[in-house]
Amino acid sequence: MISIPHKAKQFLVLLVKLLIVGGAFYFIYDQLANNDKLDWQKFITLFRKNQSVLGISFILLLSVLNRYFEILKWQNLAKVIHEISFLEATKQVLAALTAGIFTPNGVGEYAGKALFYPKSEAKKVVFLNLICNGIQMILTIIFGIFGLMYFNVNYNVITTKTVAILFGGFILVLIVLFSLKKIKIKGYSIEKLVHKINEIPKSVHRKNILFGILRYLVFSHQYYFLFLAFDVELPYFILMATIASVYFLASSLPTFQFLDFAVKGSVAIYFFGILGVNEWIVVFISTLMWFLNVVLPVVLGSYFVLNFKTKPAE
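A quick note: this is a predicted structure, and the numbers were derived from the prediction, not measured.

Peer 1: Residue-level account of the UniProt feature "transmembrane region" (unreviewed entry) in the protein, with values.
Peer 2: According to UniProt, the positions carrying the feature "transmembrane region" (unreviewed entry) are residues 12-29, 49-69, 126-151, 163-180, 209-230, 236-254, 261-282 and 288-306. This span, residues 126-151, is 100% helix and 0% strand, and a straight line between its end C-alpha atoms measures 36 Å.

Peer 1: How would you explain the side chain of Thr 90 if you had to name every residue and give the values?
Peer 2: By secondary structure assignment, the location of Thr 90 is in helix α4 (residues 86-99). Taking the relative accessible area as the measure of exposure, Thr 90 reaches 12% and is therefore buried. Beyond its immediate chain neighbours, meaning those up to four positions away, Thr 90 contacts Ile 71 and Phe 304.

Peer 1: Before we move on, can you summarise the packing of helix α6 (residues 122-155) against helix α9 (residues 202-229) with the specific residues and values?
Peer 2: Where α6 meets α9, the axes come as close as 9 Å, and the angle between the chain directions of the two elements is 55°. The angle between α6 and α9 places the two elements in the oblique class. Judged by the twist between their axes, the crossing of α6 over α9 is right-handed. In this structure, α6 contributes Ile 131, Cys 132, Ile 135, Gln 136, Leu 139, Thr 140 and Phe 143 to the contact, and α9 contributes Asn 208, Ile 209, Gly 212, Ile 213, Arg 215, Tyr 216 and Phe 219. Class assignment of the residues belonging to the contact of α6 with α9 gives a composition of 9 nonpolar, 4 polar and 1 charged.

Peer 1: Tell me what's going on with the pattern of salt bridges, and back it up with residues and numbers.
Peer 2: Counted according to the given criterion, the structure contains 2 salt bridges. With a closest N to O distance of 3.3 Å, Lys 73 and Glu 70 form a salt bridge. Within this pair, Lys 73 and its partner Glu 70 are both found in helix α3 (residues 53-78), separated by 3 residues, close to a single helical turn. For Lys 73, a relative accessible area of 0% gives the class buried. Note that Glu 70 and Arg 215 form a salt bridge whose closest N and O atoms lie 3.0 Å from each other. Of this pair, Glu 70 sits in helix α3 while Arg 215 sits in helix α9, and the two are 145 residues apart along the sequence.

About the thresholds
- Residues numbered from 1 in each chain as written.
- Predicted model: local features only at pLDDT ≥ 70, side-chain atom pairs only at ≥ 80, totals over all residues.
- Heavy atoms only, no water.
- UniProt positions renumbered as here; feature names shortened; annotations may be inferred.
- Helix = DSSP H or I, 4+ residues; strand = E, 2+ residues; numbered from the N terminus.
- Buried < 20%, exposed > 50% of the residue type's maximum accessible area, 1.4 Å probe, protein only.
- Contact = heavy atoms within 4.5 Å.
- Axes fitted to C-alpha atoms, helices over the stretch in contact; angles between N-to-C directions.
- Parallel < 35°, antiparallel > 145°, perpendicular 65-115°, else oblique.
- Left-handed = near helix turned anticlockwise from the far one by under 90°.
- Nonpolar A, V, L, I, M, F, W, Y, C, P; charged D, E, K, R; others polar.
- Salt bridge = Lys/Arg side-chain N within 4 Å of Asp/Glu carboxyl O.

What follows is the structure, encoded as structure tokens:
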């Protein structure tokens, strides 16, 4: 095996850090500066009309709570390997978010967290991160299906026949998965995956679900309060059902973290357009949600990436 000199290794690590941080900031700037759908003049006019220190503080607090519950989720799951402090969990979550911002569906986040652990624990870290993200996806699907059904009852976007076909297809997929649970692919099977999930203490799973629900309620209501701030007056349940539907459908599409607001914005324009909400308001709120919940944490995560120290060779 070729041995890399220590100084050269340090230089390569620094170069990777700078590429990750530089790439993250470039993509953020590019999306904000070159999005022709963002009418900044309208935004500034509305902001001056409705600006409130208390309102802005409340929206920022919801962003903090969003990441706070995500950090608690990871701290809770990481103790399966070993106990970590809240500060250490914060470093790992924010640095991983920065590393995953320009990878498809944030897959770089998995590698980002694994770098904080010995190589022998890498597979376990990836598995736990899958559990961490998996519960959020399951909750998004559950809330999204109910939201879509409620929205559909009021606006009849999807026919009853289509709903029946989708539901039948979902049941068919479950039956197929259950019947093939013992079939192995590269040594892995659904049965083995379920067994590994069951090895994690139930108390850890309960906390994971609780923090996942709290996080979902926080960011969905942040979306809701931003619509109120933009003078969108719609019934609470209709607005929340639409938000749940948008998150569900947008999360089903493969995308990059730095394009997250564009994908959610496109889906949101369709649904909120049915409700009569102006397109520019939907685009701005989707952009603000992305800025508050991805860009700001990435800025903080960049500090942790630049200060990251590689694990000594075992």
